[in-house]
Amino acid sequence: MDEQALLGLNPNADSDFRQRALAYFEQLKISPDAWQVCAEALAQRTYRYSELTTVQQQLIRETLISWLQAQMLNPQPEKTFIRNKAAQVFALLFVTEYLTKWPKFFFDILSVVDLNPRGVDLYLRILMAIDSELVDRDVVHTSEEARRNTLIKDTMREQCIPNLVESWYQILQNYQYTNSEVTCQCLEVVGAYVSWIDLSLIANDRFINMLLGHMSIEVLREEACDCLFEIVNKGMDPVDKMKLVESLCQVLQTAGFFSIDQEEDVDFLARFSKLVNGMGQSLIVSWTKLIKNGDIKNAQEALQAIETKVALMLQLLIHEDDDISSNIIGFCYDYLHILKQGEDEAMFVEYRKQLKLLLDRLAQVSPELLLASVRRVFSSTLQNWQTTRFMEVEVAIRLLYMLAEALPVSHGAHFSGDVSKASALQDMMRTLVTSGVSSYQHTSVTLEFFETVVRYEKFFTVEPQHIPCVLMAFLDHRGLRHSSAKVRSRTAYLFSRFVKSLNKQMNPFIEDILNRIQDLLELSPPENGYQSLLSSDDQLFIYETAGVLIVNSEYPAERKQSLMRNLLTPLMEKFKILLEKLMLAQDEERQASLADCLNHAVGFASRTSKAFSNKQTVKQCGCSEVYLDCLQTFLPALSCPLQKDILRSGVRTFLHRMIICLEEEVLPFIPSASEHMLKDCEAKDLQEFIPLINQITAKFKIQVSPFLQQMFMPLLHAIFEVLLRPAEENDQSAALEKQMLRRSYFAFLQTVTGSGMSEVIANQGAENVERVLVTVIQGAVEYPDPIAQKTCFIILSKLVELWGGKDGPVGFADFVYKHIVPACFLAPLKQTFDLADAQTVLALSECAVTLKTIHLKRGPECVQYLQQEYLPSLQVAPEIIQEFCQALQQPDAKVFKNYLKVFFQRAKP
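Residues numbered from 1 in each chain as written. Predicted model: local features only at pLDDT ≥ 70, side-chain atom pairs only at ≥ 80, totals over all residues. Heavy atoms only, no water.

The chain is annotated in an unreviewed UniProt entry as Exportin-T from Daubentonia madagascariensis. The record in UniProt for the chain states the following under Function (unreviewed entry): "tRNA nucleus export receptor which facilitates tRNA translocation across the nuclear pore complex." UniProt lists a comment for the chain under the heading Sequence similarities (unreviewed entry), and it reads "Belongs to the exportin family." (UniProt positions renumbered as here; feature names shortened; annotations may be inferred.)

Structure below.
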C-alpha cells in the first residue's frame with residue numbers, strides 16, 4: 001500500500017497529502033486487485049457489484065435492511081467506526097441502485113428506523129455519506145459519475161426531499177431536549193443538504209424558529225450556528241436573501257447574541273463569528289447584484305443592512321481569540337473592497353465612524369502622539385486637497401473634528417490652557433478655513449467642513465478675522481445654496497448654532513446676513529409652484545437665526561423693532577391671504593396644503609421669539625407690538641371650520657410662546673381663543689389645550705381667576721363628553737387617548753388647587769363642586785393608572801388643607817369622612833395597585849400625605865372615626881387599628897409613609 005497516501009489519513013495532514021490519499025483510495029475502489037490489499041480474509045477472488053446476479057444483489061439489499069433492523073434490538077450500539085462504514089456501504093449501494101432498482105431506498109430505511117434513536121443515528125449517518133458521495137468537492141468524479149450524481153439529486157428533489165425534510169423536522173422536534181448528539185447530527189444533515197435542495201423547505205418560520213431556539217441551548221448552539229450559516233450561504237434572489245438575513249439578525253440581536261463582550265464561550269463565538277461573516281458577505285453579494293441590476297432602492301436597503309453589521313464585525317475582528325477574529329476576515333475584506341470602490345458614500349460614512357474607537361484608544365495611551373499624528377495627516381492632505389480623493393480629504397477633516405472628543409476640555413475651551421495643544425489646533429483650524437477646501441466638490445467633505453467649524457467655534461473668538469469667509473461659505477453655493485438638499489438642510493442647523501455661539505462677534509455682519517437670507521425666509525404657498533431651497537423645518541432654523549441676530553445686536557430699540565417688523569410682516573400678510581383661500585377651498589388635498597402653509601407661518605413667527613428669554617427682553621427691543629400684531633393676525637384661524645387640528649395646534653404653540661414673551665399683554669386674547677378651541681373637541685385637542693390653561697393659571701394666578709371661573713365648567717363638560725363617549729372594547733388607541741385625557745384633566749385640577757385658586761372650583765355651585773370632587777375620588781380609586789392616582793391624592797390633600805378646617809365649606813367635612821378617607825384605603829387594597837411598581841409607590845406616598853393632612857386639620861376627631869367606625873368596618877383587628885392610629889399621629893411624615901406600605905402589604909392576600 002502507498003505509504004505516502006496513508007499519511008493523508010492523518011487529521012493534521014496538509015491538503016496535498018489529503019488530496020493524494022483521496023485520489024489513491026478512489027483508484028483503489030475501481031482496481032480489480034483492491035481485495036488483495038483491503039482484505040486478506042477474502043480468499044480467492046472478489047466480485048464487482050455489477051457482475052453479481054439480480055438475486056445476489058437483492059440478497060445484499062435485504063441483508064443490509066436486516067442488519068439495520070438488528071441494530072434496533074441490539075443491547076449495545078455498534079462502535080462508531082462500524083456505523084460509519086455501514087453508512088458508507090448504504091451510500092455506495094444507494095448511488096448504484098437508486099435510479100434503477102431501489103427507488104424506495106429512503107422509504108424502506110425510514111420505515112425501519114422510525115424515531116428509534118439508534119435507527120435515527122444510522123439514518124443520519126447514511127444521509128451524510130450519501131451527501132458526501134453526491135456533493136463532496138474533495139472527491140474527484142468522472143464526467144459520467146458527475147452526470148449520474150446530478151440525475152440522482154434531480155430525482156431526489158422530485159420524489160423524496162420533502163419527506164426527508166419532514167423527517168428531519170420530526171427528529172429535531174423529538175430529540176432537541178433529550179438527545180443532543182442525535183439533534184446535532186440532524187442539524188449537520190440539514191446544513192449539508194440545504195446547499196442543493198429547495199431552500200423554502202428549510203427557510204420557513206417553523207424551521208428557522210426551531211433553529212433560533214437551538215441557539216439558546218448550550219449543547220446545540222454551535223451546530224445550530226453552522227446550520228444557519230449554510231442556510232445564509234445558499235444562493236438565492238438578492239432581495240429575498242437580504243430579507244432572510246435581516247430577519248435572522250433582528251431575532252439574534254433581540255435575543256442578546258450581538259452582546260459578544262458578555263459571551264465567555266470562545267468555541268461558540270468562533271462559530272458565531274463564522275455566521276456573522278456569512279451574513280455580511282451574503283448582504284454584500286446581494287448589494288453587488290442589485291447595483292448591477294440597477295435596483296437602487298433595494299441596493300440602498302442592502303447597504304443600510306451592511307452598515308448595521310459593521311460595529312459587530314469590528315468587535316469580532318479585535319477579539320483576542322484568533323479563531324474568532326480569523327472567521328470574520330472575509331466580511332472585512334469584502335467590506336473594504338466596497339469602500340475602495342467609492343461607489344457608495346453611505347458605507348464610507350459608516351467606516352469613518354469606526355475611527356472614533358481607534359482615536360479614543362490612542363488618546364488614552366498617548367495624547368501627544370495622537371495630536372502629532374492627526375496634525376501630520378491633516379496638514380499633508382489639505383496641502384493637496386484639490387488632487388486628493390474625497391475619502392482622504394473627508395477623513396483628514398474628520399480626524400480634526402474627532403480630536404475634540406478624544407482630547408476633551410470643559411466648555412469647548414480648546415484654544416486656551418495647554419499651549420502646545422491650543423497652538424496645534426489653532427494651526428489646523430487656520431489651515432481649514434483658509435485652504436479653500438470648503439469648495440471641494442463632494443457633499444461629505446462640505447458637511448465635514450461645516451461640522452468642524454461649528455465644533456471649534458471658539459477659534460473665531462481668538463482669530464475673528466476669519467469670520468467673514470466662513471459666513472460666506474455658509475451663505476453661498478457651498479452651504480445654504482448647495483445643490484444637495486442634504487447639505488442645505490444640515491447647514492441651516494449648523495448656521496443657526498454658529499451665529500448663536502458667536503453672537504457678540506456678529507454685529508458688523510447683521511444687516512448683510514439678513515439681506516442675503518431674505519429669499520430663504522419666503523413662505524412657499526402650494527399654488528405658486530416654486531420649490532423652496534429649504535424645507536419648512538430648515539426654515540425654522542433660519543428664522544431663529546434672524547431673530548437671534550436682531551435681538552442680540554447692538555442696535556437701538558427702534559432699529560431692532562424695525563428689523564423685527566420687516567421679518568414678520570411678510571408672514572402676517574401671506575397668512576391673511578392664505579386663510580381666505582382656505583375658507584374658499586373645496587378640494588381636501590388643497591385644503592391640507594394651505595393649512596400646512598398657514599401652520600408654517602405661525603411656526604416661523606413663534607421661532608423668532610426664541611431669541612427672547614422673557615418679557616423684559618421683548619420690551620427692551622421694542623418688539624411687543626409686532627408680536628401682538630402677529631397674535632391678532634393668527635387668532636382668526638381658530639374659527640376656521642376646515643383643517644381644525646393643524647391650525648389649532650400651530651396657534652396653541654404660538655400662544656405658549658407669547659405667554660412667556662408678552663406675559664399679561666396676552667390675557668385679553670385668551671377667553672376668545674379658548675372658546676374657539678373648545679368647540680368640536682377630540683381627546684387629543686383637549687390634551688393639548690389643557691397645558692396652555694395650566695401655563696396661564698400657574699403664571700398669572702389670581703389675575704386670571706374671573707376667566708377661569710367662566711371657562712371652568714365649559715372645559716369640564718368638553719372633557720366629560722369625550723370621556724363618556726362609547727368606544728370599541730378592544731380599541732387600544734381610544735383607551736390610551738382617554739387615559740391621557742384623564743391625566744390632563746387631573747393635572748388641570750392640580751394646577752388650579754396648587755396655584756391658590758380653589759375658589760374657582762368653590763364658586764361653581766354645590767352640585768358642580770360635588771361632581772368634580774367625585775371624579776377625583778374615582779380617579780384615585782377606580783382607574784388602575786398610578787400616575788393619575790398620584791395626582792388625585794395631591795388634589796385631595798390640597799383641598800383638605802384648604803377646606804378641611806372648622807371654617808371650610810358646608811358639608812366638606814362629611815365628604816372627607818364619606819369619600820376621601822375610604823379612597824385612601826380602597827385604592828391601595830385593589831389588586832391592580834402594585835406595591836412593587838415605582839409609580840404606584842409614589843401614589844401611595846401621596847395617599848399617606850392625604851391621611852396626614854386630614855389628621856392635621858381634623859385632629860382627634862379623625863383618629864376617633866378611624867378607631868371606632870371606619871377601620872372596624874373593614875374587619876381590621878383591634879391591635880392593628882391601634883398600631884395604625886399611633887403611626888398616623890407620629891410627627892415624622894416619613895414614618896407613617898413607610899408604615900402605610902407595610903400595612904397594605906400585610907392586608908393584601
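### Section: the overall build of the chain
Across its full length, the chain holds 45 helices and 0 strands. At 40 Å, the chain has a C-alpha radius of gyration far larger than the 29 Å of a compact globule built from 909 residues. Counting only C-alpha atoms and orienting by the principal axes, one finds that the chain spans roughly 125 × 85 × 65 Å. Burial status across the chain gives 49% buried among its 909 residues. Long-range pairs, those at least 24 residues apart, make up 71% of the contacts in the chain with a sequence separation of at least 6. Here the chain has roughly 43700 Å² of accessible surface; of this, 52% comes from carbon and sulfur atoms. (Helix = DSSP H or I, 4+ residues; strand = E, 2+ residues; numbered from the N terminus. Rg over C-alpha atoms; globule rule 2.2 N^0.38 Å. Buried < 20%, exposed > 50% of the residue type's maximum accessible area, 1.4 Å probe, protein only. Contact = heavy atoms within 4.5 Å. Areas by Shrake-Rupley, 256 points an atom, 1.4 Å probe, with all protein chains shown as cover.)

### Some details on helix α9 (residues 161–175)
Given a rise of 1.5 Å per residue, 15 residues ought to cover 21 Å, and the 21 Å separating the end C-alpha atoms of α9 matches this to within 8%. Inspection of α9 places Ile-161, Leu-164, Val-165, Ser-167, Trp-168, Tyr-169, Ile-171, Leu-172 and Tyr-175 among the buried residues, and these make up the whole buried set. Those residues of α9 that are buried are in contact with α6 (105–113), α7 (117–135), α8 (143–159), α10 (180–193) and α11 (205–214). (Expected span 1.5 Å × (residues − 1).)

### Side note on the environment of Thr-832
Positionally, Thr-832 belongs in the loop between α41 (812–829) and α42 (838–858). You can call Thr-832 exposed: its relative accessible area is 53%. Taking C-alpha positions, Thr-832 is 51 Å from Gln-281, a pair spaced 551 residues apart along the chain.

### A closer look at the layout of surface pockets
Approximately 350 Å³ is the volume found for the second largest pocket. Forming the boundary of the second largest pocket are 16 residues, of which Met-128, Asp-131, Gly-191, Ala-192 and Glu-230 lie nearest the centre. Of all the secondary structure elements, the ones that give two or more residues to the lining of the second largest pocket are α7, α10 and α12 (221–233). (1 Å grid on protein atoms, 1.4 Å probe; cavity = no way out; pocket = protein on both sides within 12 Å on 5 of 7 lines; lining within 4 Å. Points joined across faces, edges and corners; volume = space filled by probe spheres on them.)

### Quick notes on the environment of Leu-647
The residue Leu-647 is located in helix α33 (residues 644–662) in this model. You can call Leu-647 buried: its relative accessible area is 4%. Residues Leu-647 and Cys-160, spaced 487 residues apart in sequence, show a C-alpha to C-alpha distance of 66 Å. Residue contacts for Leu-647: discarding those within four places in its chain leaves Leu-582, Ala-595, Leu-598, Ala-637, Cys-640 and Leu-642.

### Quick look at α6
What sets the pattern is the α-helix's 3.6 residues per turn: residues three or four places apart point alike. Within the span of α6, buried status applies to Phe-105, Phe-106, Ile-109, Val-112 and Val-113. Mapping the buried residues of α6 onto a view down its axis gives an arc of 130°, with all of them on the same face. Summarising the contacts, the buried residues of α6 are in contact with α4 (54–73), α5 (80–97), α7, α8 and α9. Where α6 terminates, the next one or two residues include Asp-114, which has phi positive at roughly 45°. (Arc of directions from axis to C-beta.)

### Comments concerning the pattern of salt bridges
Following the criterion strictly, the structure yields 36 salt bridges and no others. Between Arg-125 and Asp-121 there is a salt bridge, with the nearest N and O atoms lying 2.9 Å from each other. Note that Arg-125 and Asp-121 are positioned in helix α7 at a spacing of 4 residues, about one turn of the helix. Judged by its relative accessible area of 14%, Arg-125 falls in the buried class. Note on Asp-121: relative accessible area 7%, which makes it buried. (Salt bridge = Lys/Arg side-chain N within 4 Å of Asp/Glu carboxyl O.)

### As for the side chain of Arg-221
Mapped onto the secondary structure, Arg-221 falls in helix α12. With near-sequence residues (within four places) excluded, Arg-221 lies in contact with His-214, Met-215, Glu-263, Asp-265 and Phe-268.

### Examining unusual backbone geometry
With a phi angle near 50°, Gln-643 is a residue other than glycine that sits in the positive phi range. Of note, Gln-643 is situated in the loop between α32 (624–634) and α33. Of note, Glu-663 is a non-glycine position whose phi angle comes to about 50°, a positive value. By the secondary structure assignment, Glu-663 is in the loop between α33 and α34 (670–677).

### Observations regarding the packing of α6 against α7
Across the interface, α6 lies against α7 with an axial gap of 9 Å and an inter-helix angle of 160°. Taken together, the axes of α6 and α7 lie roughly antiparallel to each other. The crossing of α6 and α7 is left-handed. The residues of α7 that touch α6, namely those facing Phe-105, Phe-106, Ile-109, Leu-110 and Val-113, are Gly-119, Val-120, Tyr-123, Ile-126, Leu-127 and Ile-130. Of the residues contributing to the contact of α6 with α7, the split by class is 10 nonpolar, 1 polar and no charged. (Axes fitted to C-alpha atoms, helices over the stretch in contact; angles between N-to-C directions. Parallel < 35°, antiparallel > 145°, perpendicular 65-115°, else oblique. Left-handed = near helix turned anticlockwise from the far one by under 90°. Nonpolar A, V, L, I, M, F, W, Y, C, P; charged D, E, K, R; others polar.)

### Focus: the environment of Gln-905
Here Gln-905 lies in helix α45 (residues 893–907). In this structure, the C-alpha to C-alpha distance between Gln-905 and Pro-828, residues 77 residues apart in sequence, is 9.2 Å.

### Let's talk about a nonpolar patch on the surface
A cluster of nonpolar side chains, namely Leu-317, Ile-318 and Ile-329, defines an oily patch on the protein surface of about 220 Å² accessible area. With a relative accessible area of 45%, Ile-318 lands in the partly exposed category. (Patch = residues over 30% accessible without salt bridge, like charges linked within 9 Å, V, L, I, M, F, W, Y side chains within 5 Å.)

### Section: the confidence of the model for the chain
Of all residues in the chain, 93% attain a pLDDT of 70 or more, and the chain-wide mean is 88. Here helix α3 (residues 34–38) stands out as the least confident element of the chain, with mean pLDDT 50; helix α25 (residues 467–475) is the most confident, with 96. Confidence drops under pLDDT 50 across residues 39–46; counting only partners more than four residues distant or on other chains, this segment forms 8 contacts. (pLDDT = per-residue confidence, 0-100.)

### Quick notes on the packing of aromatic side chains
The full count for this structure, using the stated rule, is 43 aromatic pairs. Consider the rings of Phe-825 and Phe-884, whose centres lie 5.4 Å apart with planes at 45°: the pair is tilted. Of this pair, Phe-825 sits in helix α41 while Phe-884 sits in helix α44 (residues 878–888), and the two are 59 residues apart along the sequence. Residues Phe-825 and Phe-884 agree in their burial class; the two are buried. Measuring from centroid to centroid gives 6.3 Å for Tyr-865 and Tyr-870, while their planes differ by 20°, and the two rings are stacked. Residues Tyr-865 and Tyr-870 agree in their burial class; the two are buried. Each member of the aromatic cluster is reached from another via a ring pair, and the members are Phe-415, Phe-449, Phe-450, Tyr-456, Phe-459, Phe-460, Phe-474, Phe-495 and Phe-498. Lying over the aromatic face of Tyr-169, Arg-206 brings its terminal NZ or CZ to 4.0 Å of the ring centre. (Phe/Tyr/Trp six-rings, centres within 6.5 Å; stacked < 30°, edge-to-face > 60°. Lys NZ or Arg CZ within 6 Å of the ring centre and 35° of its normal.)

### Some points on the state of the cysteines
Counted according to the given criterion, the structure contains 0 disulfides. Residue Cys-640 stays outside any disulfide, its sulfur separated by 14 Å from that of Cys-597, the closest cysteine. Overall, Cys-640 belongs to the buried group, its relative accessible area being 2%. (Disulfide = S-S within 2.5 Å.)

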